[in-house]
Amino acid sequence: MEDMFRKKASAVRRLVDAAELAHLQHVEDPDLQYDYFNAVLINEVDEEGKNVELGQEFILKSSEHFNNLPVNFSHSVVQVPTNTYNKDPDIVNGVYWSEALNKVFVENFEQDPSLKWQYFGSANGFFRQYPGVKWHPDEHGVIAFDCRNRKWYIQAATSPKDVVILVDVSGSMKGLRLTMARQTVASILDTLGDDDFFNIIAYNNEINYVEPCLNGTLVQADRTNKDHFREHLDKLFAKGTGLLGNALTEAFTLLKEFNQSGRGSFCSQAIMLVTDGATDTYDTIFEKYNWPDRKIRIFPYLIGRESAFADNLKWMACANKGYFSQLSTLADVQENVMRYLHVLSRPKVIDHEHDTIWTEAYMDSTTHEKQSPFLMTTVAMPVFSTKNETKNKGVLLGVVGTDIPLQELLKAIPKHKLGIHGYVFAVTNNGYILTHPDLRPLYQDGKRRKPSYSSVDLSEVEWEDKDNILRNAMVNRKTGTFSMEVKKTMDKGKRVLFMHNDYYYTEIKGTPFSLGVALPRGHGKYYFRGNVTVDAGLHDLEHPDVSLAHEWVYCDTSKRREHQHLSQIQALRLYMTGQQPHLKCDRQLIQEVLFDAVVTAPLESYWTRLALNKSENSDKGVEIAFVGTRTGLLRTNLFVVPEQLTNQEILTPKVDQEGVFNADHFPLWYQRAAEHVPGTFVYSVPFRRGMGNNSVVLASTAIQLLDDRRSPIVAAVGIQMKLEFFQRKFWTASRQCTALDGKCPINCDNESISCYLIDNNGFILVSEDYSQTGMFFGEVEAAVMNQLLLMGSFKRITLYDYQAICKIFVESSNSPRSLLDPYFAVFATIKWLVTELVIFVLEFNVYSWWHSELTAKAQDVVRGKTVQIPCETEYPAFVSERIIKETSGIVDCNGCDRSFVIQQIPSSNLFMVVVDDQCDCSSAPPVTMEPIEIMYNESLTCERFKFQKDRRRPDSCHPFHPEEDAMECGGSLGLIPKPQLTLLTVLLMLITR
């Protein structure tokens, strides 16, 4: 596995060397004319059928390796941000010299065909991507992507940082200025990542923390915290006088105390100042808190077109190794905000430290809607200018990187050795999950991404680790073992198993990640090996009804281009027959799967006889039979034509992901069968997505070689049958009378009783009311279920979901939000120009009038809307007590005694429940599985914000460099109110060099 990560990093390093050499040899030409393949314009034609400018013909062919997207393996393409002119001299020159990367892109892919996207993100904004692919604008005709705003770019370009954002909310900031200030802060937040810490302070006559409970501290810039602060930005209002001196004092004090406490990034520190002016240079404050070391950089953002106070703000930036920017319109915000990243990158560039960074997990944006999303990580490195004249300026050229699907990490782990319930997981240096079988990044039936899926902490899925022993050990990259009792949920969280897990963990060298393996006790300790001839095994393996786990690696076909089209069975044959000696295969796994193919082959003839024997399956109630083995082999047999299958999703990898062998789990029917005595059939009604539960019944049982505790479970066999067929069989059996005289006192035909068939988790398979199928028994018979819980026939298990989504009702939207979208920048600019003409005459009322109209329209759209937000929930699961085979009871329903009997069905996980219907028990307390949102009071919520779990800081840190040219600070200084400060500034720069 470490070798896999090392190879990806080596490919990126080759790109770095090629880029820096190409730039060194390039001479900038402001008049350079050069046509390139523009990712948006390629293959575009005008009304006359001619290619548009930069839209040359570009050959594209579909590639399965790239999610079936049409790509070009010979050339890369260049994407330019929507707000950047694609023929700008800086863009054209950069595109020209970076063309040299094409050769390295191709060579990298030839050396390692498992590589995904390779790219170069330029500091000027353009994005070169290989293989070439056409980009399509969204429904608004824009492309939101800007490579400089991606985490891989920011992490590679800069070091971790602690940031205090000061926002001027004095009276002069009313109207559009405040809207621009909010957008500026939001854009700054976008540039912060999980290794950064921040806080936001609003100032006028007073100092007010945007989140009052975080007074005097910084918080980690994870997605949840940043979203929380974004919501508070709309609560800022302009009034009073801006006392910037007090705000600067507070910011310096906060950064100093936070640093001394040993928390935070322990690297770069910065103050972002968002204001419409400064009447002083506040040199006394800088002299007291920041000079001569100047360890805290100042980045002023002047809001508005006026330049009366620009010189003061420029001086602050230059005197404190920062950068000054002036924002005249909303369109200016993003480009100007991101300039501070180039300043923070200077020390790293001057040091020429090509730090390798690895991002947290994120979703592949190139996946088609019908495909399952891919979780990825990116490995990236910065690219520097190596020209002598740019050395002390620390010119960052950009960042190169490549994507790594996390599925590759899972494929490197032999799932067959982990056993039925074993799994692999990995975490980042911040404790966030990189991959884990319980990570759920999507909701709404897989259609939408959860907003915080990339910052799910390990403690939120391994929540039984109450003291964070496992989590903290992995964050600190230790090697060791840990054991604990766990509750494993399955079947969309509706069922639960009790296990004792042994955890083994270690670091993945060369990365900030740690790898863990969970092995449940009772599984995987013993295994079985068989041996058959290659010819016999291949003969039975190549049967059309046999398949192998599509995400398991029997043979690694990704290493060579000529192998990528091979299926696992095809590759396995070539390897075992010696036709492809260069294939890398797991010989032990192959020998075991060949054995399983031979052993399970007789089932084909048995199933065929059953299909031909009409008396056995006359009404085609049983539709499909299947067997899966511990080596990932799946053998199936259809008793009906595929089009007649009631549930056509079963055993389909792209749809029925829980029902097939995956890289991180065995099939659900296999897992459940393994937890019962072999020979016991486990029945269930699938909880199908967006459909009723009244379709089919699945039944499966485990296969054990010997009746011995040391004998391993080697396979599971199952069937799918029509629900109607299964229910009919039950009613027929329940009506059979065994009394000697043939006169049964009671049966399920009696109108005074109700009969149910429920499983070991309390879900109804058969009821007289067909619509109750799949429902929880407690929702139908609350009184009886309560009594079963009191009697111990069932027990309630409390579970927690820290990745839940809750619905809330929103009456209206917050009015300023409609203006915060940068794609409305042009419209906002027009508003700005018109409003400025009358802003002083009407004391900002024109703006308020105009803005309120837009607000009303926005509120009309979303008024009364139900939205879904991340939340934490507590919910129950129910499990039957296996030792209780039969019991009866009486429920008191308001003075009326209601009797019931529950009896276990032999060799199954089912129970028959017979209930007397003569009493009305509708007033009984309900028993449901509905989750309850965990609510935190204000004090506890604040403590949760302040509490910082263990994390490991990145190994590399470049906060400043003595050779840095701090005069590159946003333009030349103008006339400064205090002339002596010019000399002071120069002296400071000389002292700190």
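On a predicted model such as this, the values are computed, not experimentally measured, just so you know.

### Overview of the state of the cysteines
One pass over the full model with this rule turns up seven disulfides. Here Cys555 engages in a disulfide with Cys585; their sulfurs sit 2.0 Å apart. Looking along the S-S bond of the Cys555-Cys585 disulfide, the torsion reads about 110°, which is the right-handed sense. Taken as a pair, Cys555 in strand 26 (residues 555–556) and Cys585 in strand 27 (residues 584–585) lie far apart in primary sequence, 30 residues in all. The buried category is assigned to Cys555, whose relative accessible area is 1%. Of the residues examined, Cys585 reaches a relative accessible area of 18% and is grouped as buried. Disulfide pairing is shown between Cys806 and Cys871; the S-S distance is 1.9 Å. Across the disulfide from Cys806 to Cys871, rotation about the S-S bond amounts to roughly 75°, and the bridge is consequently right-handed. Of the two residues, Cys806 sits in strand 35 (residues 794–810) while Cys871 sits in strand 36 (residues 865–880), which places them 65 residues apart along the sequence. Comparing Cys806 with Cys871, the two get one shared label, buried.

### With respect to helix 3 (residues 101–111)
Among all positions in helix 3, only Leu101, Asn102, Val104, Phe105, Asn108 and Phe109 are buried. Buried residues of helix 3, viewed axially, fall in a sector of 165°; they line one side. Facing away from the buried side of helix 3 by more than 90 degrees, the exposed set consists of Lys103 and Glu110. Among the structural elements, helix 1 (2–25), helix 2 (89–98), strand 4 (118–122) and strand 5 (127–130) are those in contact with the buried residues of helix 3.

### What to know about the environment of Leu101
When you line up the elements, Leu101 lands in helix 3. The exposure class of Leu101 is buried, given its relative accessible area of 1%. C-alpha separation for the pair Leu101 and Ala22, spaced 79 residues apart in sequence, amounts to 8.4 Å. Not counting the four nearest positions on each side in its chain, Leu101 is found in contact with Leu15, Ala18, Ala19, Phe120 and Arg128.

Basis of the calculations
- Residues numbered from 1 in each chain as written.
- Predicted model: local features only at pLDDT ≥ 70, side-chain atom pairs only at ≥ 80, totals over all residues.
- Heavy atoms only, no water.
- Disulfide = S-S within 2.5 Å.
- Helix = DSSP H or I, 4+ residues; strand = E, 2+ residues; numbered from the N terminus.
- Buried < 20%, exposed > 50% of the residue type's maximum accessible area, 1.4 Å probe, protein only.
- Arc of directions from axis to C-beta.
- Contact = heavy atoms within 4.5 Å.

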